[in-house]
Amino acid sequence: MLSTKSRKIVSFWLIVIPFINQFQDLVKLLPAGIERIQQGINWLEERIVPFFPQVSDINALIEQLQPFITNLPAQAIAFFSTSVGAVLEFLLVIILTLMLLVNPQPYRKSFIRCFPAFYRKRVDEILTRCADGLGAWTVGALIEMVFIGALSGIGLWILQVPLALAHAVLAGLLNFIPNIGPTLSVFLPATIAFLDAPWKALAVIVLYIIIQNVESYWLTPTVMAHQVALLPAVTLTAQIFFTTFFGALGLLMALPLAVVAKTWIEEALFKDILDRWQHSS
């Protein structure tokens, strides 16, 4: 049997090194794939446009499109600013998380002292339950990521799409981002597959739709119901709520925050208040 250190070394050489090499090749091939897609769109336009009647008043059409064209630079700048802000917020969360993980006890003790003396022991118990819930959620998320990565890799290998390992790893990692991640993960393999043949790109899109449906309707309810018992409606509500107040970062952190909120509501509100509430005679 291999030791833990030996397993890490084997995993590094079998997965990490090939992934890095394939990812570098993916970055090089991506512009060519996008250019090929653009050529395909132009080819379709040349053959489809002649079947439609010519626009009678081109000036009127230009006037209608002018506000949209005028606002394009402002929209591009706004999108860029939003993206940069989201990246900075994500980096800030990573830094704060690392600071908390290095020495969490002083922060925990300070938080506990914010409560009355008689309730501090109970708060410490609830924090422990939150940590257990987050651990269970992390295990569930890892199971889903491995499942998505494995199915994506097998499907892309069957379709003979180049750089299947890099696409599979990215699909698993992006699955960590609810809703948006799975949509982003299909772009890269579909673009690279288009370099071989258009039908391959379509096959990749169909493959990812099938995988995501299996994950959404079977794997996630099964795993998460067993790990953290989050109802689907609660999960969706949490995503909407945290995204509304915190943007893209809120969407990324919605599920772990929902796990923490669920634990506090069950322990502090239900068990400590409502379950002990007695009507006076």
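Keep in mind that this is a model prediction, so the values were computed, not measured.

Draft legend 1. The arrangement of the environment of Val204 in detail. On the secondary structure map, Val204 appears in helix 8 (residues 198-227). Taking the C-alpha atoms as reference, Val204 lies 9.5 Å from Phe194; in sequence the two are 10 residues apart. With sequence-adjacent residues up to four places away left out, Val204 is seen in contact with Leu156, Leu159, Val161, Val186, Pro189, Ala190 and Ala193.

Draft legend 2. Layout of the packing of aromatic side chains. Applying the stated criterion across every chain, the model contains six aromatic pairs. Between the aromatic rings of Phe111 and Trp264, the centroid separation amounts to 6.1 Å while the plane-to-plane angle is 80 degrees, which identifies the pairing as edge-to-face. Here the residue Phe111 occupies a position in helix 3 (residues 105-112), and Trp264 occupies one in helix 9 (residues 232-274), the gap between them amounting to 153 residues. By relative accessible area, Phe111 is classed as partly exposed at 36%. Residue classification places Trp264 among the buried positions, given a relative accessible area of 19%. With 6.4 Å between their ring centres and 45 degrees between their planes, Phe115 and Tyr119 make a pair best called tilted.

Draft legend 3. Focus on the nonpolar core. Counting residues in each nonpolar core, the largest one holds 13 residues, and the members touching the most others are Leu156, Leu159, Val161, Val204, Leu207 and Tyr208. Of all the secondary structure elements, the ones that give two or more residues to this core are helix 4 (120-159), helix 5 (164-174), helix 7 (187-196) and helix 8. The element contributing the most residues to this core is helix 8, with four residues. Apart from residues no more than four positions distant in its own chain, Leu207 is found in contact with Ser152, Gly155, Leu156 and Leu159. Counting nine residues, the second-largest nonpolar core is a separate cluster that includes Trp137, Ala141, Leu230 and Phe242.

Reading the values: the criteria
- Residues numbered from 1 in each chain as written.
- Predicted model: local features only at pLDDT ≥ 70, side-chain atom pairs only at ≥ 80, totals over all residues.
- Heavy atoms only, no water.
- Helix = DSSP H or I, 4+ residues; strand = E, 2+ residues; numbered from the N terminus.
- Contact = heavy atoms within 4.5 Å.
- Phe/Tyr/Trp six-rings, centres within 6.5 Å; stacked < 30°, edge-to-face > 60°.
- Buried < 20%, exposed > 50% of the residue type's maximum accessible area, 1.4 Å probe, protein only.
- Core = buried A, V, L, I, M, F, W, Y, C linked by side-chain atoms within 4.5 Å.

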